[in-house]
Amino acid sequence: MAVGTAFIDRPIVEQMAASCGGPADLRDPAISPLYADLAELPPALFTVGTIDPLLDDTLFMHMHVRNDLVV
(Lines give C-alpha, C1' and ligand atoms only; values in the text may rest on other atoms or scores of the structure.)
Protein backbone atom coordinates (compact mmCIF):
# COMPACT_ATOMS: atom_id res chain seq x y z
CA MET A 1 0.00 0.00 0.00
CA ALA A 2 1.28 3.45 -0.87
CA VAL A 3 2.34 5.79 1.90
CA GLY A 4 -0.51 8.11 2.83
CA THR A 5 -3.33 5.77 1.77
CA ALA A 6 -4.09 4.09 5.08
CA PHE A 7 -7.75 5.01 4.68
CA ILE A 8 -8.20 2.13 2.25
CA ASP A 9 -7.09 -1.40 3.05
CA ARG A 10 -7.97 -4.97 2.11
CA PRO A 11 -10.93 -5.40 4.52
CA ILE A 12 -12.50 -2.16 3.26
CA VAL A 13 -11.99 -3.17 -0.39
CA GLU A 14 -13.51 -6.61 0.29
CA GLN A 15 -16.50 -5.00 2.00
CA MET A 16 -17.02 -2.62 -0.94
CA ALA A 17 -16.73 -5.48 -3.44
CA ALA A 18 -19.27 -7.55 -1.50
CA SER A 19 -21.70 -4.64 -1.34
CA CYS A 20 -21.42 -4.04 -5.09
CA GLY A 21 -21.35 -7.63 -6.26
CA GLY A 22 -23.56 -9.30 -3.66
CA PRO A 23 -23.52 -13.06 -4.13
CA ALA A 24 -22.34 -12.75 -7.76
CA ASP A 25 -18.94 -13.93 -8.93
CA LEU A 26 -16.67 -10.87 -8.70
CA ARG A 27 -14.87 -12.10 -11.84
CA ASP A 28 -18.04 -11.63 -13.87
CA PRO A 29 -17.20 -9.14 -16.66
CA ALA A 30 -20.44 -7.27 -15.88
CA ILE A 31 -19.00 -6.51 -12.44
CA SER A 32 -15.29 -6.15 -13.18
CA PRO A 33 -14.01 -4.96 -16.57
CA LEU A 34 -10.67 -6.61 -15.75
CA TYR A 35 -12.31 -9.88 -16.83
CA ALA A 36 -14.14 -8.54 -19.89
CA ASP A 37 -13.32 -8.91 -23.56
CA LEU A 38 -12.23 -5.39 -24.48
CA ALA A 39 -11.47 -5.97 -28.15
CA GLU A 40 -14.24 -3.57 -29.22
CA LEU A 41 -13.44 -0.89 -26.66
CA PRO A 42 -13.03 2.64 -28.05
CA PRO A 43 -9.88 4.61 -27.19
CA ALA A 44 -9.50 5.11 -23.45
CA LEU A 45 -7.50 7.45 -21.24
CA PHE A 46 -6.44 6.30 -17.78
CA THR A 47 -5.35 8.95 -15.31
CA VAL A 48 -3.90 8.08 -11.91
CA GLY A 49 -1.59 9.62 -9.32
CA THR A 50 1.50 8.01 -7.84
CA ILE A 51 -0.08 7.53 -4.38
CA ASP A 52 -3.59 6.81 -5.66
CA PRO A 53 -5.04 3.77 -3.85
CA LEU A 54 -6.30 2.53 -7.23
CA LEU A 55 -2.90 2.82 -8.94
CA ASP A 56 -2.47 -0.96 -9.28
CA ASP A 57 -6.02 -1.43 -10.59
CA THR A 58 -5.48 1.32 -13.16
CA LEU A 59 -2.22 -0.26 -14.33
CA PHE A 60 -3.85 -3.71 -14.55
CA MET A 61 -6.71 -2.24 -16.61
CA HIS A 62 -4.25 -0.44 -18.88
CA MET A 63 -2.39 -3.69 -19.56
CA HIS A 64 -5.67 -5.55 -20.10
CA VAL A 65 -6.73 -2.98 -22.70
CA ARG A 66 -3.31 -3.07 -24.38
CA ASN A 67 -3.38 -6.88 -24.56
CA ASP A 68 -6.91 -7.00 -26.03
CA LEU A 69 -6.40 -4.31 -28.65
CA VAL A 70 -4.17 -4.37 -31.69
CA VAL A 71 -2.19 -1.14 -31.49
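Keep in mind that what you see is a predicted model, and the values were worked out from it rather than measured.

Calculation rules
Residues numbered from 1 in each chain as written. Predicted model: local features only at pLDDT ≥ 70, side-chain atom pairs only at ≥ 80, totals over all residues. Heavy atoms only, no water. Helix = DSSP H or I, 4+ residues; strand = E, 2+ residues; numbered from the N terminus. Buried < 20%, exposed > 50% of the residue type's maximum accessible area, 1.4 Å probe, protein only. Contact = heavy atoms within 4.5 Å.

**Here's the deal with the side chain of His64**
Stage number 1. With respect to the secondary-structure elements, His64 resides in helix H2 (residues 55-68).
Stage number 2. Judged by its relative accessible area of 16%, His64 falls in the buried class.
Stage number 3. Those residues in contact with His64 that sit more than four places away from it in its chain are Pro33, Leu34, Tyr35, Ala36 and Leu38.

**Concerning the environment of Ala44**
Stage number 1. Mapped onto the fold, Ala44 is located in the loop between helix H1 (10-21) and H2.
Stage number 2. By relative accessible area, which is 45% here, Ala44 ends up partly exposed.
Stage number 3. Expressed as a C-alpha distance, the spacing of Ala44 and Val65, which sit 21 residues apart in the sequence, is 8.6 Å.

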